[in-house]
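Given next are the chains, with one letter for each unit.
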Amino acid sequence: MSSQPSEFPRTLPALDLDNEAFWTGGKNGELLINRCDDCGYYVHPPTGFCPSCESRDVRPQPVSGRGEIVTMTVNYRAWFPDIPVPYVVAMVAIEEQQDVRLITNIVDCDPLSVEIGDKVRVRFEQVEDLWIPLFFPDPEARP
Ligand SMILES: [Zn+2]
C-alpha cells in the first residue's frame, strides 16, 4: 500500500481489531484515532504499536475532528452513490498532529472553492456498517 494514496479507496475497508474504532467511531459522532498512552503520539493508520516510543499501550481516543487540507484533487468518478460528482478527494491533517493524515472527501461546499490550507471539520457518512469520516469547510475559519 502506498503511503501517499491519491484516491479514496474504491472498496470499503475491511474491519479488523486495529481499524474498527476508526471506521465505527462516527456512530457516536467521534473521530477515533489511535494514540499512545505512554508518549501521546497519534498512530495512523491505526495499529497497536507506537512508532515513536515502541510502546504497545496504544488505543483509540477521540480527537477534535478539526483539521486542515494538506493536498486535494477534484474527482469526477462516483464511488459513493450518495455523494454527487464532482467532489473533492483530500488529504486532511488532524489538528492534534500534522502527520496524522486522512484520505477523505470535502463535502457540503462547492468542490471548486476548496483550497489547500482550508480548515475543515469532520462529519460522518454511514455506508453499511462503517461511518466514513468526511470533512466540510470549518464555518469559523471562513471570512
Ligand atoms: Zn509512544
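From a predicted model like this one, the values you see are computed outputs, not experimental measurements.

Asks: Got a minute to help me understand the pairing of strand β4 (residues 66-75) in this structure?
Replies: Residues in a regular strand point their side chains to alternate faces of the sheet. Relative to strand β7 (residues 119-127), β4 runs antiparallel, the two sharing 3 bridges. Across the sheet, residue Gly67 finds its bridge partner in β7, namely Val120. Summarising the sheet, β4 and strand β5 (residues 87-94) pair through 8 bridges and their orientation is antiparallel. Following the sheet pairing, Asn75 is matched in β5 by Tyr87.

Asks: In this structure, what is going on with the confidence of the model for the protein? I would like to understand it.
Replies: Taken as a whole, the protein shows an average pLDDT of 89; of its residues, 89% reach a score of 70 or greater. Contacts from residues 1-7, a stretch scored under 50 in pLDDT, to residues over four places away or in other chains number 3 contacts.

Asks: Would you take a moment to explain the nonpolar core for this structure?
Replies: The nonpolar side chains of a soluble globular protein tend to be buried, and buried together. Grouped together as the largest cluster of nonpolar side chains are 26 residues, with contacts concentrated most on Ile33, Ile69, Met72, Val88, Ala90 and Ile106. Mapped onto this core, the elements with two or more residues apiece are α1 (20-24), β1 (31-36), β4, β5, β6 (97-106), β7 and β8 (130-137). Counting residues per element, this core draws most heavily on β5, at 6 residues. Residues contacting Ala90, with those up to four places away along its chain left out, are Ile69, Thr71, Met72, Thr104 and Ile106.

Basis of the calculations
Residues numbered from 1 in each chain as written. Predicted model: local features only at pLDDT ≥ 70, side-chain atom pairs only at ≥ 80, totals over all residues. Pairing = 2+ DSSP bridges. Helix = DSSP H or I, 4+ residues; strand = E, 2+ residues; numbered from the N terminus. pLDDT = per-residue confidence, 0-100. Contact = placed C-beta atoms within 7 Å. Core = buried A, V, L, I, M, F, W, Y, C linked by C-beta atoms within 7 Å. Buried ≥ 20, exposed ≤ 12 C-beta atoms within 10 Å, placed from the backbone.

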